[in-house]
Amino acid sequence: MKETISPRGSSECRACGSRELVSVLDLGEQPLPAEYGSTPDEVLERFPLHMRICSNCGLGQLGEYVLPERIFHDAYPYLSSASATWVEHARQFASSMADELKLDAHSLVVELASNDGYLLSAFQKLGIPVLGVEPADNVASIAREAGVPTLTEFFGARIAEKIFADRGHPRLIVANNVFAHIPDMHDFMAGMSILADDNTIITIENPSFAVLLQNTLFDTIYHEHYSYLTAHSVRVVAKAHGLELVHVDQLPTHGGSNRYWLSRSKLPDDSVSATLETEKRAGLFDPDEWLAFAARAGAAIEGLRKWFNKRQLEGDVVVGYGAAHKGNTFLNAVGEASKTLVYVVDASSEKQGKFLPGSQVPVLAPEQLASAQPTDVLILPWNIAPELAERIRLLAPNARIWIAQPAMRQL
Ligand SMILES: [Zn+2]
């Protein structure tokens, strides 16, 4: 066994501790999705990518997992502010929360995994004090340079005690797209519980696992996502730390996300029972649905493989847009045929000049999209496809534009 892998999750549910974990989708051994090659033939270390479901609490989870210290180190190249869609989402979130919670110059907003500070800066613009916690040192530095106070730490109970001693109870704690990235969910929740008093609202935003299953979004399974969340499993972990799931917002982000509101003092509203019911109806606890999901994922992978082979036979020139994690899971599941891509373009300058992990496809700047005169452009991050399609039409007006999820189709 590799040193950087922990076996714990392969036998015991990390939310409820049950041993009733069922293997649902094994995507084989893949490189880490953020670990780009420096040369086309660089051999990257591969790790298992094997999703299981807890039949007791419905948490989807990777079995053996790569330790966060290995995944979220310095070289982590993802910057949230690189996507215009995300920046707009952040602006709307800040303004609606400021209204809802009546935030002002005396409130404090703490964001966990605050990335380059793009969300907190939206609160700052409204005159609300903020504090970010971000484990990746280079990303935290970018935030600090932009004027967003940021601690370089992995969040948990230990750091929460420190923040509480320095700043007291925040009015709002935001954990967007991070709770699933933490192997020790209980330490993370314990930290939020330490920071929360009766007036604190905690919001946890994450793709819905029920939506992942229903819409076959298997390409959102990657090593950084230790857990796949639902209202059922979030509620289980929250309750263990004196917090209640009191509200759920449904969001269109990442194909379908939930924003879970936790509180120490409020009572659950109707959105909680409605979401729990929807998740049951979506087959969260139904092994037949899990099997059907795995079969559809296999068909999607085969569909992209056949599409690549067809493009090759017809002499087409295929390039990709968006060096996204989900694209890497998909391309690595497809295997050799992914090398049909001449290159992929991406707006993130950290990725340009490198090679996609596993498929080894070169990454260029978006301005170079048309340099090989592509006949076809495949959009890999389907969740921001409309934004990217607009840019592609400007850069390569004659190319056909495709997405591969939930099935291969031309835009
Ligand atoms: Zn469980």
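Conventions used here
- Residues numbered from 1 in each chain as written.
- Predicted model: local features only at pLDDT ≥ 70, side-chain atom pairs only at ≥ 80, totals over all residues.
- Helix = DSSP H or I, 4+ residues; strand = E, 2+ residues; numbered from the N terminus.
- Contact = placed C-beta atoms within 7 Å.
- Domains from an automatic or database assignment.
- Nonpolar A, V, L, I, M, F, W, Y, C, P; charged D, E, K, R; others polar.
- Pairing = 2+ DSSP bridges.
- Axes fitted to C-alpha atoms, helices over the stretch in contact; angles between N-to-C directions.

### What about the environment of Gly255?
By the secondary structure assignment, Gly255 is in the loop between strand S12 (244-251) and strand S13 (257-263). For the pair Gly255 and Ile384, spaced 129 residues apart in sequence, the C-alpha separation works out to 9.3 Å. Discounting residues that sit within four places of it in the chain, Gly255 has contacts with Pro207, Val211, Asn215, Leu217 and Asn383.

### Regarding the domain arrangement of the protein chain
Per the domain assignment, the segments of the protein chain are domain 1 (5-64), domain 2 (80-267) and domain 3 (289-410). Averaged C-alpha coordinates put domain 2 and domain 3 at centres separated by 30 Å. At the junction of the two partners, domain 2 supplies 16 residues and domain 3 supplies 16 residues. Of all the secondary structure elements, the ones that give two or more residues to the side of domain 2 that touches domain 3 are helix H2 (84-100) and helix H7 (209-215). Among the residues making up the side of domain 2 that touches domain 3, the classes are represented as 7 nonpolar, 8 polar and 1 charged.

### Topic: the sheet that holds strand S8 (residues 150-151)
Backbone hydrogen bonds hold the strands of a sheet together, and the pairing may be parallel or antiparallel. Here we have 7 strands laid out as an open sheet, ordered S8-S7-S6-S9-S10-S13-S12, and mixed in their pairing. Two strands lie at the open edges of the sheet, namely S8 and S12, each paired on one side alone. When strand S7 (residues 130-133) meets S8, the two strands line up parallel, connected through 2 bridges. When the sheet's bridge partners are listed, Val133 is paired in S8 with Leu151. Packed onto the sheet, helix H9 (residues 270-281) meets S12 and S13 and runs at close to 70° relative to S12.

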